[in-house]
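Coordinate inspection notes
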Amino acid sequence: MKKIIIVFTLVSFFAKADEGMWMPQLIEALNFQDMKKNGFKLTAEQIYSINKASMKDAVAIFGGGCTAEVISTKGLILTNHHCGFSSIAGLSTVQNDYLKNGYWAMKPNEELMCPGLTVTFIKRIEDVTAKVMGSIKSAFSEIQKDSAIQSNIKALEVAAKKDSHFDSFIRPFYYGNEYYLFVVETFKDIRLVGTPPESIGKFGGETDNWVWPRHNADFSMFRIYGNKENKPADFNQENIPYTPLHSFPISLKGVEKGDFTMVYGFPGRTQEYLTSYAVDLLINQQDPLRVSLREKRLNILDADMKKNDTLRLMYTAKYAGVANYYKKWSGEMLGLQKSDAINKKKKQEADFLALVASDPKKAELYKNLFAEFKRTYADYAPLSKQYDYFTECLWGVEAFRFTANFTVVFNELRKKQAGKDNKFETAFKDNKPAIPFKNFNKETDRKLCKAMLEVYVANTDREFMPRFLDSLLNVHNGNVGALTDFLYNNSSFVDNEKAKIMFADFEKNAALYERDPMYLLASSILVHYQKTVLPQIGYYDRQINELQKTYMKGLMDNVKDKKFYPDANGTLRVTYGKVADYQPKDGVQYLHYTTIDGMVDKNKTGLEDFYVKPRLLELYEKKDFGQYADKNGKLHIAFTGSNHTTGGNSGSPVINAKGELIGTNFDRNWEGTMSDVMYNGSFCRNIVLDVRFTLWMVDKYAGAGYLLNEMKLVK
Ligand code: ARG
Ligand code: GLU
């Protein structure tokens with residue numbers, strides 16, 4: 001009887017239908033049969049191969065943290081508008097505002113070079129666990145182990161790229177139970193081909209962000225250029241479009257509910273194997289604290305941005321950044337609570353102990369595991385709070401952040417004045433803000449500072465505060481308002497006029513500026529966190545990682561009938577599922593797709609987030625949807641799927657059973673944002689821009705239909 005119960009409960013363990021971010025080189029061994037059962041029509045080798053061209057050769061890391069896919073034999077790539085955002089903003093001027101108006105190159109020499117933007121392909125992935133761990137002796141101390149692992153990793157990385165133009169890096173998987181090597185090729189001449197205007201690319205703004213139903217065309221297109229040998233090269237007029245090993249054919253057939261879908265990309269970070277203690281900390285302390293601190297900041301920014309256009313433009317990008325994870329964390333917290341995540345995790349822990357109980361050796365090995373988790377998280381909780389107060393509260397005050405950077409400048413200057421080797425000139429140049437401040441308003445920041453210091457002071461013991469803050473509080477009788485005014489009224493770092501004078505005679509009067517009250521406070525905050533909070537956080541992070549490593553290995557060794565996928569870590573993964581609708585709450589059912597009708601309806605509300613350029617409305621009136629219409633006659637915009645995705649999957653190709661591109665991944669549903677910690681196939685959904693809408697925009701809206709000639713369209 002007991003045995004039956006155990007076998008039965010294990011079904012509730014990990015990796016249920018559609019869950020998982022799988023390593024492409026292991027698909028054949030782990031997932032292929034299941035994928036086939038779910039409708040996939042190709043071979044595992046067509047997904048990933050190191051000998052032949054495969055889909056992996058058309059999937060790339062785009063910029064800092066997005067994915068892009070190759071869609072033509074001439075190196076044309078597709079990603080999200082929000083992924084291209086900073087490059088597009090960087091190319092925009094008041095006269096040529098590509099963010100506002102959109103942009104389309106009508107011939108090759110109109111494609112615009114994007115400084116600093118890179119695109120990286122994976123050449124091969126290798127399991128190097130044995131090589132990394134080989135020389136590690138069990139008698140080693142933790143520190144010896146760490147340093148041996150690090151030096152093995154360094155040596156392997158260097159050897160892997162030897163004599164080639166490739167780069168290489170090694171990442172731990174399953175909390176360091178395994179290590180994989182990635183050999184990559186990075187292109188540096190990337191040019192903007194086209195983008196819709198922001199009103200369409202980011203239609204719905206913050207109102208619709210993380211929300212379904214969704215109507216924005218979140219895409220932009222770039223082209224990879226290489227040298228005559230088809231290899232990466234710095235920007236050069238002589239460079240030519242890159243010829244890829246593979247490019248995705250594009251399906252114009254559309255999708256049906258239940259169709260097989262696969263997302264191939266670079267998910268950033270998930271934590272699916274956390275214990276109940278970690279989830280408890282997350283939903284009862286970390287998420288609520290971070291959310292409440294961001295809410296305060298957003299309210300202040302929002303009120304000021306409404307005052308005039310100058311302030312609105314100054315803060316719009318910053319607002320979007322703060323708002324994105326504010327909204328994500330609130331969804332995550334509610335989702336985990338609603339799903340009773342802590343108790344579900346507790347049950348998994350109990351199931352695990354029951355599973356190993358019959359073997360005395362194993363039982364002994366894991367006997368104290370969860371007690372140690374519990375103790376470690378109890379010690380970690382107050383530190384985590386201090387850490388969040390640093391990153392989300394004090395560092396939410398912009399003046400603190402950029403003034404603290406001057407620590408380096410003053411240090412280098414002291415070296416210079418003592419006649420030593422120094423990097424003063426570069427440090428000064430890198431850290432000196434443009435005057436007048438471009439995206440900083442003293443009065444807005446003063447309000448942020450007051451609000452943030454108030455919460456910080458109310459929640460922190462005086463003895464644990466940065467030293468100079470404590471002194472300032474003494475001087476101002478604990479009055480945060482007066483203290484803040486003192487800072488903003490007297491500092492040269494936050495005032496356009498005073499800063500101008502200061503930066504003109506900085507070197508001469510440095511001793512004076514080093515006693516600037518804003519600088520004294522900001523540097524004191526920085527030192528406090530670097531010397532007291534961060535080392536302790538680092539200590540506990542290592543402890544927790546060791547415990548997770550043990551738990552992870554325990555699960556993989558003992559839960560025999562389950563396949564375990566490693567948490568996302570920014571490396572290439574495949575996730576598969578189907579086109580799926582869902583019920584956001586009792587009595588409500590959402591469709592799995594949206595159409596341009598919904599975009600126009602939202603536009604009629606007159607709300608600012610739903611403004612679109614008149615051209616879109618004119619085209620809508622003509623109903624000229626051509627080959628891009630669905631068989632229901634409508635022009636579809638987005639659809640939802642049950643693919644397990646996270647941040648970093650933005651821009652990822654969404655692929656059908658035959659390996660054809662059907663869309664570009666760009667978001668998740670709010671109710672399902674908990675999937676970073678606990679995926680639930682019944683309501684966690686990824687949101688995809690239907691590729692037919694993308695092509696309609698390129699062809700009919702932008703009049704750049706010539707680009708379709710280089711694509712392979714499947715009708
Ligand atoms: N939520 C999407 C992703 O994380 C899109 C974010 C950009 N859009 C925005 N409205 N802020 O990250
Ligand atoms: N918008 C996200 C990104 O930038 C994708 C949404 C998610 O977190 O799944 O990667």
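Calculation rules
Residues numbered from 1 in each chain as written. Chains lettered and ligands numbered in written order. Predicted model: local features only at pLDDT ≥ 70, side-chain atom pairs only at ≥ 80, totals over all residues. Heavy atoms only, no water. Helix = DSSP H or I, 4+ residues; strand = E, 2+ residues; numbered from the N terminus. Rg over C-alpha atoms; globule rule 2.2 N^0.38 Å. Buried < 20%, exposed > 50% of the residue type's maximum accessible area, 1.4 Å probe, protein only. Contact = heavy atoms within 4.5 Å. Areas by Shrake-Rupley, 256 points an atom, 1.4 Å probe, with all protein chains shown as cover. Lys, Arg positive; Asp, Glu negative; His and termini not counted. Charge placed at Lys NZ, Arg CZ, Asp CG, Glu CD. Near = heavy atom within 4 Å. Polar contact = N/O pair within 3.5 Å; in protein donor to acceptor, adjacent residues only side chain to side chain. Nonpolar A, V, L, I, M, F, W, Y, C, P; charged D, E, K, R; others polar. Axes fitted to C-alpha atoms, helices over the stretch in contact; angles between N-to-C directions. Parallel < 35°, antiparallel > 145°, perpendicular 65-115°, else oblique. Left-handed = near helix turned anticlockwise from the far one by under 90°. Phe/Tyr/Trp six-rings, centres within 6.5 Å; stacked < 30°, edge-to-face > 60°. Lys NZ or Arg CZ within 6 Å of the ring centre and 35° of its normal. Pairing = 2+ DSSP bridges. Expected span 1.5 Å × (residues − 1). Bend = angle between axes of the 7 residues up to and from the residue. Core = buried A, V, L, I, M, F, W, Y, C linked by side-chain atoms within 4.5 Å.

Helix and strand counts for the protein come out as 27 helices and 20 strands. Whereas a compact globule of 715 residues would reach a radius of gyration of roughly 27 Å, the protein reaches 27 Å, a difference of no more than 12%. Reported as C-alpha extents along the three principal axes, the dimensions of the protein are approximately 75 × 70 × 60 Å. Expressed as a percentage of its 715 residues, the buried residues of the protein come to 56%. Put simply, 78% of the contacts in the protein that link residues at least 6 apart link residues at least 24 apart. Carbon together with sulfur atoms contributes 54% to the accessible area of the protein, which is approximately 31400 Å² in total. Where the 95 positive side-chain charges of the protein centre and where its 86 negative ones centre are 2 Å apart.

With that out of the way, let us pick up the site of ligand 1. Residues in contact with ligand 1, as listed here, are His-82, Lys-202, Gly-205, Glu-206, Asn-209, Trp-210, Ala-320, Asn-324, Phe-666 and Asp-667. For ligand 1, a nitrogen atom lies 3.2 Å from a polar atom in the side chain of Glu-206. Here a nitrogen atom of ligand 1 and a side-chain polar atom of Asn-209 are 2.7 Å apart. Protein chains bury 86% of the 330 Å² of accessible surface belonging to ligand 1 in isolation. Put simply, the parts of the chain that give the shell around ligand 1 at least two residues each are α10 (205-208), α12 (309-338) and β18 (661-668). A per-class count over the shell around ligand 1 returns three nonpolar, four polar and three charged.

Ligand 2 sits among His-82, Trp-210, Thr-646, Gly-647, Gly-648, Asn-649, Ser-650, Phe-666, Asp-667 and Arg-668. Separating an oxygen atom of ligand 2 from a side-chain N or O atom of His-82 is a distance of 2.9 Å. Alone, ligand 2 offers 300 Å² of accessible surface; in the complex the protein occludes 89% of this. A per-element tally of the shell around ligand 2 places β18 first, with three residues. Each residue belonging to the shell around ligand 2 can be placed in one class, and the counts come to two nonpolar, six polar and two charged.

On to the environment of Leu-334, then. Mapped onto the secondary structure, Leu-334 falls in helix α12. Considering only alpha carbons, one finds Leu-334 and Ile-283, 51 residues apart in sequence, at a separation of 8.2 Å.

Note: most peptide bonds trans; most residues except glycine with negative phi. The peptide bond linking Trp-212 to Pro-213 adopts the cis configuration, its omega dihedral lying at 0°. In this structure, Pro-213 sits in the loop between α10 and β10 (220-226). The peptide bond linking Ile-435 to Pro-436 adopts the cis configuration, its omega dihedral lying at 0°. Inspection of the secondary structure assignment puts Pro-436 in the loop between α18 (424-431) and α19 (442-459). With a phi close to 65°, Trp-210 is a non-glycine residue in the positive phi region. The topology assignment puts Trp-210 in the loop between α10 and β10. Taking the relative accessible area as the measure of exposure, Trp-210 reaches 5% and is therefore buried. Residue Asn-230 is not a glycine yet carries a positive backbone phi of 70°. By secondary structure assignment, the location of Asn-230 is in the loop between β10 and β11 (240-241).

Another aspect to go through is the packing of helix α11 (residues 276-305) against α12. Interaxial distance between α11 and α12 falls to 9 Å at its minimum, and their mutual angle equals 155°. Classed by the angle they form, the pair α11 and α12 counts as roughly antiparallel. Remark: the crossing between α11 and α12 carries left-handed chirality. Of the residues assigned to the contact of α11 with α12, the class counts are 17 nonpolar, five polar and nine charged.

All right, on to the packing of aromatic side chains then. Two numbers describe a pair of aromatic rings. These are the distance of the centres and the angle of the planes. Evaluation of the coordinates by the stated rule reveals 48 aromatic pairs. Ring geometry for Tyr-273 versus Tyr-565: centroids 5.9 Å apart, planes at 50°, classification tilted. Placement of the pair is Tyr-273 in the loop between β13 (260-265) and α11 and Tyr-565 in the loop between α24 (517-558) and β14 (573-578), with a sequence separation of 292 residues. Of the two residues, Tyr-273 and Tyr-565, both sit in the buried class. Taken together, Phe-352, Tyr-366, Phe-370, Phe-373, Tyr-377, Tyr-380, Tyr-539, Tyr-540 and Tyr-551 form an aromatic cluster joined through their ring pairs. The ring centre of Tyr-225 lies 3.6 Å from the NZ or CZ of Arg-191, which sits over that ring.

With seven of its seven residues buried, β10 lies for the most part within the structure. Side chains Ser-220, Phe-222, Ile-224 and Gly-226 of β10 all project onto a buried face; the interleaved residues Met-221, Arg-223 and Tyr-225 project onto the opposite face, where all are buried too. As paired strands, strand β3 (residues 76-79) and β10 are joined by four bridges and run antiparallel to one another. Paired with Leu-76 across the strands is Arg-223, a residue of β10. Inspection of the sheet shows strand β9 (residues 189-195) paired to β10 by five bridges, in the antiparallel sense. Bridged to Arg-191 within β10 is Arg-223.

At 3.6 residues per turn, the α-helix brings residues three or four places apart onto the same side. Here α24 contains 42 residues, and its C-alpha end-to-end distance of 59 Å stays within 8% of the 62 Å for a straight helix at 1.5 Å per residue. Considering bend angle alone, the principal kink of α24 is centred on Tyr-529 and spans about 35°. The opening residue of α24 is Asp-516, an N-cap whose side-chain oxygen sits 2.9 Å from the backbone nitrogen of Met-518.

Okay, the nonpolar core next. In this structure, Met-262, Phe-400 and Phe-506 are the most contacted members of the largest nonpolar core, which totals 200 residues. Looking at this core, the element that brings in the most residues is α24, giving 15 residues. Discounting chain neighbours no more than four positions away, the residues touching Met-262 are Met-35, Phe-40, Ile-47, Met-55, Val-574, Thr-575, Tyr-576, Asn-643, Pro-653, Val-654 and Ile-655. The next biggest cluster of nonpolar side chains, apart from the first, holds 12 residues, and it includes Ile-153, Ala-160, Ile-170 and Tyr-179.

Geometric values such as these leave the question of function open.
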